[in-house]
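Secondary and tertiary structure notes
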Amino acid sequence: MAASAQTPDAKLGLRERKKLKTRTAIREATYRLIMDQGYDATTVEQIAEAAEVSPSTVFRYFPTKEDIVLTDEFDPVLERELRARPADESIIDSLRHVIEESLLRAVQSEDAEVTRLRTRLQVEVPAVRSRMMESMSVTGQMVCRVLADRTGRDAGDLEVRVYAMSVVGALMEATMYWAEQGDAGEALRDVTVRALDVLRDGL
């Protein structure tokens, strides 16, 4: 799930807060540069200078430039919140609750211009799109583990894998659809809920 870093949690230790602050600085510098000069023209060296860190520090936090756009802290949040839902609640209801209440609230705290920029890069830049597919796979594997625990099935079952990736795909397409609509379109929350309704009810 691609999204920006959140405000450091007071419960985090000093070292963790410093790491999160550095990650945020690198991301924000990257977004500013891309908005000014485009993705391809933006180099890691420029990002490092703008974030006031060394290029090696950038690579320590983000292995590639594409990862700066795509890497997020939402997968652990999604897994933790899903596992905290009532055991007798349907999987789709658990997913809707967590996505609406936790993930969308976090995403909506980000500047809409930045969110649309990141989404546009996922569509327009082949390297970012390729890396995004790898990221989706990781998120899908996490959802598979949660679904397996909730249903008593094996995480590698075809049905579990198809369902998990359907969820991830629905979220990705909802975000892209929202970005395509621009400021005059629906709110991200409403678009995402519509996508989840399709996943639950079909066409």
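What you are looking at is a predicted structure, and each value in this text was computed from that prediction instead of being measured. (Residues numbered from 1 in each chain as written. Predicted model: local features only at pLDDT ≥ 70, side-chain atom pairs only at ≥ 80, totals over all residues. Heavy atoms only, no water.)

**Some words on the packing of helix 8 (residues 126-151) against helix 9 (residues 158-181)**
The contact between helix 8 and helix 9 brings their axes to 8 Å, and the two run at 135°. Regarding the angle of helix 8 to helix 9, the classification is oblique. With respect to the hand of their crossing, helix 8 and helix 9 are arranged in right-handed fashion. Contact residues: helix 8 offers R129, M132, M136, T139, G140, V143, C144 and L147, while helix 9 offers V160, R161, Y163, A164, M165, V168, G169, M172 and M176. In terms of residue class, the contact of helix 8 with helix 9 is made up of 12 nonpolar, 3 polar and 2 charged. (Axes fitted to C-alpha atoms, helices over the stretch in contact; angles between N-to-C directions. Helix = DSSP H or I, 4+ residues; strand = E, 2+ residues; numbered from the N terminus. Parallel < 35°, antiparallel > 145°, perpendicular 65-115°, else oblique. Left-handed = near helix turned anticlockwise from the far one by under 90°. Contact = heavy atoms within 4.5 Å. Nonpolar A, V, L, I, M, F, W, Y, C, P; charged D, E, K, R; others polar.)

**Looking at the packing of aromatic side chains**
On inspection of all chains with the given rule, the structure shows 0 aromatic pairs. For K65, the ring lying beneath its charged end belongs to Y39, and the centroid distance is 4.1 Å. (Phe/Tyr/Trp six-rings, centres within 6.5 Å; stacked < 30°, edge-to-face > 60°. Lys NZ or Arg CZ within 6 Å of the ring centre and 35° of its normal.)

**Topic: the nonpolar core**
Of all hydrophobic cores here, the largest spans 16 residues; its most connected members are L78, L82, L95, V143 and L147. By residue number, the principal contributor to this core is helix 8, which donates 5 residues. Counting residues in each nonpolar core, the second largest holds 15 residues, with I34, V114, L121 and M172 among its members. (Core = buried A, V, L, I, M, F, W, Y, C linked by side-chain atoms within 4.5 Å. Buried < 20%, exposed > 50% of the residue type's maximum accessible area, 1.4 Å probe, protein only.)

**Quick look at helix 10 (residues 188-201)**
Taking 1.5 Å as the rise per residue, helix 10 with 14 residues should run 20 Å; its terminal C-alpha atoms sit 20 Å apart, in good agreement. For helix 10, the set of buried residues is L188, V191, T192, V193, A195 and L196. Phi turns positive, to about 80°, at G202, one or two residues after helix 10. (Expected span 1.5 Å × (residues − 1).)

**Thoughts on the pattern of salt bridges**
Within the structure shown, the criterion is met by 14 salt bridges. Its salt-bridge partner being E89, residue R85 comes within 2.9 Å of it at the nearest N-O pair. On the accessibility criterion, R85 (22% relative accessible area) is partly exposed. Across the salt bridge formed by R153 and E159, the nearest N and O atoms sit 3.1 Å from each other. Note on E159: relative accessible area 47%, which makes it partly exposed. Through salt bridges that share partners, E79, R83, R145 and D149 make up one connected network. (Salt bridge = Lys/Arg side-chain N within 4 Å of Asp/Glu carboxyl O.)

**Details of helix 1 (residues 14-37)**
For helix 1, which comprises 24 residues, the first-to-last C-alpha distance of 35 Å matches the rise-based estimate of 34 Å (1.5 Å per residue) to within 8%. One or two residues past the end of helix 1 sits G38, with phi positive at roughly 95°.

**Remarks on the confidence of the model for the protein**
Scored by pLDDT, the protein comes out at a mean of 83, with 87% of its residues at no less than 70. Mean pLDDT in the protein bottoms out at helix 6 (residues 91-108), which sits at 72, and peaks at helix 2 (residues 44-51), which reaches 96. Note that residues 1-10 has pLDDT below 50 and, in this model, 40 contacts with residues that lie over four places away or in other chains. (pLDDT = per-residue confidence, 0-100.)

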